[in-house]
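Observations on the three-dimensional arrangement
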Amino acid sequence: MPVLDIKNLILWYRTRKGPVHAVDDISFALEPGQTIALVGESGSGKTSTANAILRLLPKNVLRYEGKVVFDGQDVMEFDTEEFRKVVRWRGISMVFQGAMNSLNPTIRVGGQVAEPLMVHYDVDRDEAADQAIEALGKVGLSADTARRFPFELSGGMKQRVVIAMALILKPKVVILDEPTSALDVMTQTNIINLLKELKNTEHLSYIFITHDLGLASELADLVGIVYAGQLVEVGPAEGVFVKPKHPYTGKLLASVPRLRSEAAPDFIPGAPPDLTDPPPGCRFHLRCPVSFEKCGWSAPEFIEQVRLLQILEETKNTVPAIEAMTAKGAQNLLIKPVANGTVAEFAQRLTSFIAQNQETYRFLKSVESVQAKTKVVEVKLYESTPPPLLGGDWRASCWLLAGAGS
Amino acid sequence: MLGFLILLAVLVPIFAPYNVVQSWNDPGAWTNNPKLAAPEWSEVFTGKHLPRTALMPYNGEPGGFDKVRISFNVSNQVYTTVVLRSSFSFQADAFPSEIKMFMTTVFGNVTGTQIKVFWGRPDGQEIHIFDANPSVRAPYENTFSLTGPTIKDPSYAVYNSIRDWLILKNVTSETEWDALFPRIGGIYQNPPKAQTMLMGKLDHSILDPQTSEVLKGNYSFRIEFNGFTATDDANARAVVYGTVFGLAGTDFEGRDLLVALLWGAPVALAFGIAGALASVLIQTILGAISGWYGGLIDEFVQRTADFYLIIPTLPILILLGILYHLGIVLILIVLVVFGIVGATTKVVRSIVLQVKEEQFIEAARSYGASRGRILFRYILPRVMPYTFALIALTVPAFIFLEASLSFLGLGDPMLPTWGHILGDAYGQGALFASRAFPNGMWWWVFFPAAGIIFTTVAFALLGYAFDKVLNPRLREQ
């Protein structure tokens, strides 16, 4: 039985621009002793996922739904007090991004490590201090560290303190939110080795949030690739890192610089999508190198891409002259040609342009039909829905895979 | 500076017990002090040896008057005569400010009980200064002034005696005296200064107080009391008031300003520190609660703070002072009540808004610390340093407020605070130069003002020192 089973977790924030789909239908399961690495770009919703699991919500939450089954209980059903008593730190603890700032500067390290103990079990000061020293010992810090203030410690030591604090109530699951992001490489290695060791001695499950693929491969049994608030691929680390299924994972792996390689690291064109208005269909289709008919181009996106072609050096002379384009619904758009020749001629020119260029500019593949009307040309795009996460132990959400499967 | 103040505040009650303060408002307690006397050390500036106050106590007390009492019977009439004598040595270069004599008398119902006062000079002259009838019986004192008319003495007996004496000695003539000191309806328009004549060298210069020279040596009092019953009795004491007194001078009631100055320190410190501590701490906690809990609580606290900020505290205190005559503790309470929210609430709220977004607060939330625990164990310790600086900087404000109120006569009427003294001084026109005080009564204003400035500067410096330590922008890394 999985120690943590997350089903259709949703966390939307309310902003002035509209709802931010920070966590949009994320599901994964974690067996005892397993580590899942959640990998993704900044702003893709990794930390929001962690916050959603621990119910650390800001004030502007719009939607918070789904199932978080911890140890056989759906903790989403718990009220705040019950959640605080059962889940927070006793069941699931967290190591925060930037350990430097996770420690109260006005409390000594020993007191800080003992805080969760005193909050949850009401143990007296001396015993809490003893346990804090023991916990510090587990993460390789000497007993006299307990008497120091956080500012007296180095970054690596602070990180160890934060880990000790996360472990003091002996939780089953520890969420590591970029635990090494502010540390130098040597210290990173030390911390990762410490985490590995603790995982075995304390029988922990980790949710390891990182953007560092190298570190993820060190620690993870499972890898979840997060893109625009969704998991696009979940699978065993050996598989995902060696032979990624989702195009995004492939691009992500290609972007890692390699030692002793002449090839420049690859990059993904464009920027991550705006989470207030995520693209329809597959959220990666705008930047996908292999996108095709079913990926979910919408009429406004299509118009934007055509405008881009009109100014690109390679294509600006070959694109048929267009006077105006209007979206008509999500899948239809009307193109008004510049008035030289008939509309039918223009439609033909457009069709041949699409045929010639659709391998280079893959959005053109989404055109289902081009019809000449009296004054305008109506372009119809393929309809699409978001691709499901398909596969057994190793799932990915891409229509390419669905097509191959069916 | 602060150390000195605190030391002072601790030592003052030991050296000058509180009953000194209690007698502050009792005019009878200060009759032996000269009025409006400058500090003794101010004679350094004048270059003259200025007179101290000489006391001649009652007969029976050490150094007191000598007394001889005889009672005898002549043809069924009892006569009682009491003779009182005393003398003092006068070596100063200036004349005393006043000479007074106090008598307790026991007499029967027979009218005509008489007192005769004689003034002996170092040059052997003796002047019969005046005759008087006692009007009150022991234990109350009859007060006689040798240097000016008393209310009971509308006939200017002292001046007339001096005039007669000077004419007798051929120093002046009746016409010259009348020309110098004209009278209309028997009232002197420009009365002579008696002490310059009683104690001046006997020549023509004695007539003008500016030219009269002090005759140094032993002066003496001789008082004759004549009564008409066997139980009649009299006792006397005299005070030759100087023009300088103590370390800090005296005010218009002859009160020793040193007492008030010294007592001003603990009062100002206690008032300032208690007020600042209470109001800043309350404001800090409310500000932290406002920033941390947010929502309606925040709105309520902040709007209340806005409201309190526009309430003018001083006019309200003045109004309350006029209506109710508040004691110092009540003033303090009113100030704190009107300061439970205010600028500090807003400052602290803004700091808390910053602090509450910090990671360690989120960490604390994640391991289940309650909101109250986070407020008191995580947020308030972060705010406290700023609060200390604010307390130190608020103390002067409270001291000033108390001083302003006392100055306006609305402070605690029983306590001699610095502001109170300044108020008295202002009321008596201490800063106006007059013939008697060409530099004004500077000591009356200077010392309490210096005390206020010293204390407020001390706390301001403390506040800036805190600021330097605590303000990240000023902190040296």
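Everything numeric here is computed off the predicted structure, so don't read it as measured data.

**Considerations on the overall build of chain B**
Along its length, chain B carries 15 helices and 11 strands. In terms of overall size, chain B is more extended than a compact globule, its C-alpha atoms giving a radius of gyration of 32 Å where 477 residues would be expected to give roughly 23 Å. Counting only C-alpha atoms, chain B reaches 110 × 50 × 40 Å along its principal axes. Looking at chain B residue by residue over its 477 residues, the buried ones come to 39%. Look at the contacts in chain B between residues 6 or more apart in sequence, and 73% of them connect residues 24 or more apart.

**A word on the interface of chain B and chain A**
With 14 residues of chain B at the interface, the matching set in chain A holds 18 residues. Listed by contribution, the elements that provide at least two residues to the side of chain B that touches chain A are helix H12 (359-366) and helix H13 (371-407) of chain B. Residue contributions to the side of chain B that touches chain A peak at 6 residues, all from H12 of chain B. A per-class count over the side of chain B that touches chain A returns 6 nonpolar, 3 polar and 5 charged.

**A short note on the domain arrangement of chain A**
On domain assignment, one finds that chain A holds domain 1 (4-254) and domain 2 (297-381). Put simply, the middle of domain 1 of chain A and the middle of domain 2 of chain A, counted by C-alpha atoms, are 48 Å apart.

**Looking at helix H10 (residues 299-311) of chain A**
Residues and elements named next belong to chain A. In a regular helix each residue adds 1.5 Å, so 13 residues correspond to 18 Å; H10 covers 19 Å between its end C-alpha atoms and thus fits that length. Residues of H10 that are buried: Ala299, Glu301, Phe302 and Val306. In a view along the axis of H10, the buried residues occupy a sector of 155°, so they form one face of it. Away from its buried face by more than 90 degrees, H10 exposes Leu308 and Ile311.

**Examining the environment of threonine 189 of chain A**
Here threonine 189 of chain A lies in helix H6 (residues 185-202). Its 14 C-beta neighbours within 10 Å are what place threonine 189 of chain A among the partly exposed residues.

**What about the domain arrangement of chain B?**
Once the domains are mapped, chain B shows domain 1 (51-242) and domain 2 (258-470). Look at where the C-alpha atoms of domain 1 of chain B and domain 2 of chain B centre, and you get two points 55 Å apart.

**Thoughts on the pairing of strand E4 (residues 61-70) of chain A**
All names here are of chain A. The pairing of strand E1 (residues 4-15) with E4 spans 8 bridges and is classified as antiparallel. Among the inter-strand pairings, tryptophan 12 is bridged to a residue of E4, identified as arginine 63. As defined by bridge partners, E4 adjoins strand E5 (residues 73-74) across 2 bridges and the pair is classed as antiparallel. Considered in E5, the bridge of valine 69 is made with aspartate 74.

**Brief notes about the sheet that holds E4 of chain A**
All names here are of chain A. The strand order E2-E1-E4-E5 describes an open sheet built from 4 strands, whose pairing is antiparallel. This sheet does not close on itself; its edge strands, each paired only once, are strand E2 (18-30) and E5. Two elements, E1 and E2, share 10 bridges in a ladder whose sense is antiparallel. From the neighbouring strand, tryptophan 12 faces E2, where its bridge partner is histidine 21.

**Things to note about the sheet that holds strand E11 (residues 322-328) of chain A**
Residues and elements named next belong to chain A. On the basis of which strands lie adjacent, the open sheet formed by 4 strands has the order E11-E12-E14-E13 and antiparallel pairing. Only two strands of the sheet have a single partner each, and these edge strands are E11 and strand E13 (367-372). Averaged over neighbouring strand pairs, the angle between their axes works out to 20° when direction is ignored. As paired elements, strand E12 (residues 332-337) and strand E14 (residues 377-381) share 4 bridges and run antiparallel to each other.

**Regarding the environment of serine 350 of chain B**
All names here are of chain B. Along the chain, the position of serine 350 falls in helix H11 (residues 343-355). You can call serine 350 exposed: it has 12 C-beta atoms within 10 Å. Each C-alpha atom of the pair serine 350 and glycine 246 lies 53 Å from the other, and the pair is 104 residues apart in sequence.

**Considerations on the confidence of the model for chain B**
Residue and element names in this part refer to chain B. Per-residue pLDDT for chain B has a mean of 86; in total, 97% of the residues score no lower than 70. Considering each helix and strand of chain B separately, the mean pLDDT is smallest for helix H2 (residues 18-22), with a value of 74, and largest for helix H8 (residues 295-310), with 92. ipTM for the predicted complex: 0.74, alongside a pTM of 0.74.

**Observations concerning the pairing of strand E8 (residues 205-210) of chain A**
Residue and element names in this part refer to chain A. Summarising burial for E8: 6 of the 6 residues are buried, a large majority. Going residue by residue along E8, you find Ser205, Ile207 and Ile209 tucked away on one face and Tyr206, Phe208 and Thr210 tucked away on the opposite face as well. As paired elements, strand E3 (residues 35-40) and E8 share 5 bridges and run parallel to each other. Bridging across to E8, leucine 38 finds its partner in isoleucine 209. The sheet contact formed by strand E7 (residues 173-177) and E8 spans 5 bridges and is parallel.

Rules of the game
- Residues numbered from 1 in each chain as written.
- Chains lettered and ligands numbered in written order.
- Predicted model: local features only at pLDDT ≥ 70, side-chain atom pairs only at ≥ 80, totals over all residues.
- Helix = DSSP H or I, 4+ residues; strand = E, 2+ residues; numbered from the N terminus.
- Rg over C-alpha atoms; globule rule 2.2 N^0.38 Å.
- Buried ≥ 20, exposed ≤ 12 C-beta atoms within 10 Å, placed from the backbone.
- Contact = placed C-beta atoms within 7 Å.
- Nonpolar A, V, L, I, M, F, W, Y, C, P; charged D, E, K, R; others polar.
- Domains from an automatic or database assignment.
- Expected span 1.5 Å × (residues − 1).
- Arc of directions from axis to C-beta.
- Pairing = 2+ DSSP bridges.
- Axes fitted to C-alpha atoms, helices over the stretch in contact; angles between N-to-C directions.
- pLDDT = per-residue confidence, 0-100.

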